Amino acid sequence: MSTARGVAVAAFLAMLHSGFSAREYLRYSKSIGRQDPTLPIEIVLECLISLVIMTVAVVVGVGILRPVSYEAEMKRYSIDGIYSRPSFQVFNHRGRFLRPIADHPAMAEQAVKDKAAS
């Protein structure tokens, strides 16, 4: 895998060199007054060959690919982990004020103690 990475870097450097050569050629042709903006075939071939080599090196250097399917991904999770949303779990809500106190024995006892204390 490191060999493929080295080849990809070398091809990338060759592509940079072809871009630099194209820039220098166009600058030179402008300075001598030539109106033809076409690049020499050597620069075009260097760019295309380095592109092909870099593409092949990146594809070969990727390594083993994992399957991309719903079943393969869902084997790693349980249903509790998928549908767990802790941000929606509210424990201090207004439900205790909406229901009568008789429905909650602990609150009924507290209400009786509060009335007895007052």
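Only a predicted model underlies this, so the values are computations on that prediction, with no experimental measurement involved.

A. Up close: the UniProt feature "transmembrane region" (unreviewed entry) in the chain. Residues given the UniProt feature "transmembrane region" (unreviewed entry) here are residues 41-65. Along residues 41-65 the backbone is 80% helical and 0% strand, and the end-to-end C-alpha distance reaches 38 Å.

B. Quick peek at a nonpolar patch on the surface. On the surface, V7, L26, L39, I41, V44, L45, L48, I49, L51 and I53 cluster together to form a nonpolar patch covering roughly 790 Å² of accessible area. Every element with two or more residues in the nonpolar patch is listed here: α1 (2-31) and α2 (41-60). Of the residues forming the nonpolar patch, the biggest block, 7 residues, is contributed by α2. Within the element layout of this structure, I41 appears in helix α2.

C. Layout of α1. Compared with the 44 Å implied by 1.5 Å per residue over 30 residues, the 43 Å span of α1 between its first and last C-alpha is a close match. Of the residues flanking the end of α1, it is G33, one or two places downstream, whose phi is positive at about 85°.

D. Local environment of the environment of S21. For S21, the position within the fold is in helix α1. Classification of S21 by relative accessible area gives buried; the value is 19%. For the pair formed by S21 and E42, sequence separation is 21 residues and the distance between their alpha carbons is 9.8 Å.

E. A look at α2. For α2, spanning 20 residues, the distance from its first C-alpha to its last is 28 Å, which sits close to the expected 28 Å at 1.5 Å a residue. Within α2, burial applies to I43, S50, M54 and A57. The buried residues of α2 all sit within an arc of 65° when viewed along its axis, so they share a single face. Away from its buried face, by an angle of more than 90 degrees, α2 presents the exposed residues I41, V52, V59 and V60. Where the residues of α2 are buried, they touch α1.

What counts and how
- Residues numbered from 1 in each chain as written.
- Predicted model: local features only at pLDDT ≥ 70, side-chain atom pairs only at ≥ 80, totals over all residues.
- Heavy atoms only, no water.
- UniProt positions renumbered as here; feature names shortened; annotations may be inferred.
- Helix = DSSP H or I, 4+ residues; strand = E, 2+ residues; numbered from the N terminus.
- Patch = residues over 30% accessible without salt bridge, like charges linked within 9 Å, V, L, I, M, F, W, Y side chains within 5 Å.
- Areas by Shrake-Rupley, 256 points an atom, 1.4 Å probe, with all protein chains shown as cover.
- Salt bridge = Lys/Arg side-chain N within 4 Å of Asp/Glu carboxyl O.
- Expected span 1.5 Å × (residues − 1).
- Buried < 20%, exposed > 50% of the residue type's maximum accessible area, 1.4 Å probe, protein only.
- Arc of directions from axis to C-beta.
- Contact = heavy atoms within 4.5 Å.

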